[in-house]
Structure formats: structure tokens, C-alpha cells
Amino acid sequence: MDTSYPREDYLPAPAHKREPSPTSGASPLPRDHLVWSIFNTIYMNFCCLGFVALAFSVKARDRKVAGDVEAARRFSSKARCYNALATAGSVVLPLLLAALVITGVVHLSKLAQESVGFFTYQFSGSDDEDK
């Protein structure tokens, strides 16, 4: 009795879905945005969107290697969207915070300059002013 597994004569032939080459008039393979996703994951991981983009980028690359171009295009589109959101969130929110801090400091400095007269008022001044 032969107990070896798997037997080579019973293995199914691998089915590869391959699209025709891009030079034959088909649309080019989608980009997987993997480098952008890695950058967002390491440096700009706003609300974990960089990590989600990395997951979709890896899925897009896997589908592209497997030959499923339509699924690769869908995952690539999602990765690009999450990368754009992560980049925008990581750039816009600190700029917004800086703008709010600057306007707050400007407002407080003007308020302090206007209230200087109130704090320098003398309550027990000379009686010459009353006459």
C-alpha cells in the first residue's frame, strides 16, 4: 500500500489565468501602490489608514501576479483611495492644528494688549484728579 502524499500522478494541473500581454492592445496592468502604502504605514499612519492601504496593496499585487487583472484593479483602486486619505489626514490635520494655535495666540495677545489699561488703573490715586 502506497501512503505517500501527494501523489504526482493525481495532482491537478495548475490553472493560471493569464491576460494577453499589454502590447497586444489590452489595458496595462494596474499599479499596486505598495511603496506609497509602506510609506504611509511607517510615517503617516493616520487612523490606521496606512495599514489598511498596505493590506489592499498586497492584495492587488497578489491578484496581479495570479493574473486576475480585474480584482487587482479593484484592490489597487481601494489602496490608492486609502493612501490618499492617509496622506491628506496626516498633512491637513497638523496644518489645521497649527493654524488654530497661531490664531489663538494672536487673539490672546490682542486681548492682553487691550486689557493692559484695566490692570494698570490706580484705585488709590491722588486727590488732584477729583477737583
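The text that follows walks through the structure, step by step, so that each part is easy to find.

Parameters at a glance
Residues numbered from 1 in each chain as written. Predicted model: local features only at pLDDT ≥ 70, side-chain atom pairs only at ≥ 80, totals over all residues. Heavy atoms only, no water. Phe/Tyr/Trp six-rings, centres within 6.5 Å; stacked < 30°, edge-to-face > 60°. Helix = DSSP H or I, 4+ residues; strand = E, 2+ residues; numbered from the N terminus.

## Comments concerning the packing of aromatic side chains
Per the counting criterion, the structure on display carries three aromatic pairs. Ring centres of F39 and Y43 lie 5.1 Å apart, and the angle between their planes is 45 degrees; this geometry places the pair in the tilted category. Taken as a pair, F39 and Y43 lie in helix α1 (residues 34–43) at a separation of four residues, close to a single helical turn. Centroid distance F56 to Y82: 5.6 Å. Interplanar angle 10 degrees. Geometry classified as stacked. A residue pair is termed long-range when its members are at least 10 positions apart, and F56 in helix α2 (residues 49–66) and Y82 in helix α3 (residues 69–114) qualify at 26 residues. Of the aromatic side chains, those joined through ring pairs into one cluster are F56, F75 and Y82.

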